[in-house]
Structures are given as structure tokens and as C-alpha cells.
Amino acid sequence: MPLLEIALSILRIGFEQIVQWRYGAMGIVALLLLSIGLRARNSTCASVGAVILLLLMIPS
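Residues numbered from 1 in each chain as written. Predicted model: local features only at pLDDT ≥ 70, side-chain atom pairs only at ≥ 80, totals over all residues. Heavy atoms only, no water.

Peer 1: Teacher, can you tell me more about the packing of helix α1 (residues 2-40) against helix α2 (residues 43-57) here?
Peer 2: Between two packed helices, what matters for the description is the angle formed by their axes and the separation of those axes. Put simply, α1 and α2 touch, their axes get as near as 7 Å, and they point 150° apart. The angle between α1 and α2 falls in the class roughly antiparallel. Remark: the crossing between α1 and α2 carries left-handed chirality. Between α1 and α2, the contacting residues are Tyr23, Met26, Gly27, Ala30, Leu31, Leu33, Leu34, Ile36, Gly37 and Leu38 on the first element and Cys45, Ala46, Val48, Gly49, Ala50, Ile52, Leu53, Leu56 and Met57 on the second. Of the residues contributing to the contact of α1 with α2, the split by class is 16 nonpolar, three polar and no charged. (Axes fitted to C-alpha atoms, helices over the stretch in contact; angles between N-to-C directions. Helix = DSSP H or I, 4+ residues; strand = E, 2+ residues; numbered from the N terminus. Parallel < 35°, antiparallel > 145°, perpendicular 65-115°, else oblique. Left-handed = near helix turned anticlockwise from the far one by under 90°. Contact = heavy atoms within 4.5 Å. Nonpolar A, V, L, I, M, F, W, Y, C, P; charged D, E, K, R; others polar.)

Now the structure itself:
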């Protein structure tokens, strides 16, 4: 079980680094809002994070 937790932590940190590299600080803020909203079961916070990520992914 600890090995699974370590692997998931490494994947999460890697994903956060990719988001930060690709979308900058606003991508990290959006990812943070999304993850906090999902953990706290707060649909408003999760929705705001998801919308910001979606807007960042739309090519301009």
C-alpha cells in the first residue's frame, strides 16, 4: 500500500509540473481549485477550476 501511495504522489507531482510548464501559474491555480473542490465536495470551487483549465486549453 505505501508503494501505491508513493507512485500516485509522483504521478500527481509530475502532472502538476506539466500543467505549470504548459499553462503557467494560472494553470496551477486552476488545478489547485479543482482538486480542493473535489476533495471538499464543493461544486462551485471545482467548477471554477475546471472552467479556468478549459479556457487555458483553448487555442487563441
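After that view, the rundown keeps rolling.
Peer 1: Would you explain α1 in this entry?
Peer 2: The α-helix advances 3.6 residues per turn, and as a result positions three or four apart in sequence lie on the same side. Spanning 39 residues, α1 covers only 24 Å between terminal C-alpha atoms, well under the ideal 57 Å at 1.5 Å per step. A bend of about 135° at Tyr23 is the largest found in α1. Regarding α1, the residues found buried are Val19, Gly27, Ala30, Leu31, Leu34 and Gly37. Against α2 lie the buried residues of α1. Backbone geometry just after α1 places Arg41 at a positive phi near 55°. (Expected span 1.5 Å × (residues − 1). Bend = angle between axes of the 7 residues up to and from the residue. Buried < 20%, exposed > 50% of the residue type's maximum accessible area, 1.4 Å probe, protein only.)

Peer 1: How should a nonpolar patch on the surface be read in this particular structure?
Peer 2: Together, Met1, Leu4, Leu8 and Leu11 give the surface a local cluster of nonpolar side chains, amounting to about 480 Å² of exposed area. Checked against the element boundaries, Met1 lands in the segment before α1. (Patch = residues over 30% accessible without salt bridge, like charges linked within 9 Å, V, L, I, M, F, W, Y side chains within 5 Å. Areas by Shrake-Rupley, 256 points an atom, 1.4 Å probe, with all protein chains shown as cover. Salt bridge = Lys/Arg side-chain N within 4 Å of Asp/Glu carboxyl O.)

Peer 1: So what exactly am I meant to see when it comes to α2 here?
Peer 2: The first and last C-alpha atoms of α2 sit 21 Å apart over 15 residues, in line with the 21 Å expected at 1.5 Å per residue. Taken together, the buried positions of α2 are occupied by Cys45, Ala46, Gly49, Ile52 and Leu53. The buried residues of α2 occupy an angular sector of 130° when the element is viewed end-on, so they sit on one face. For α2, the exposed residues lying more than 90 degrees away from the buried face are Ser43, Thr44, Leu54 and Leu55. Looking at the buried side of α2, the elements it contacts are α1. Its side-chain oxygen 3.1 Å from the backbone nitrogen of Thr44, Asn42 forms the N-cap of α2. (Arc of directions from axis to C-beta. Polar contact = N/O pair within 3.5 Å; in protein donor to acceptor, adjacent residues only side chain to side chain.)

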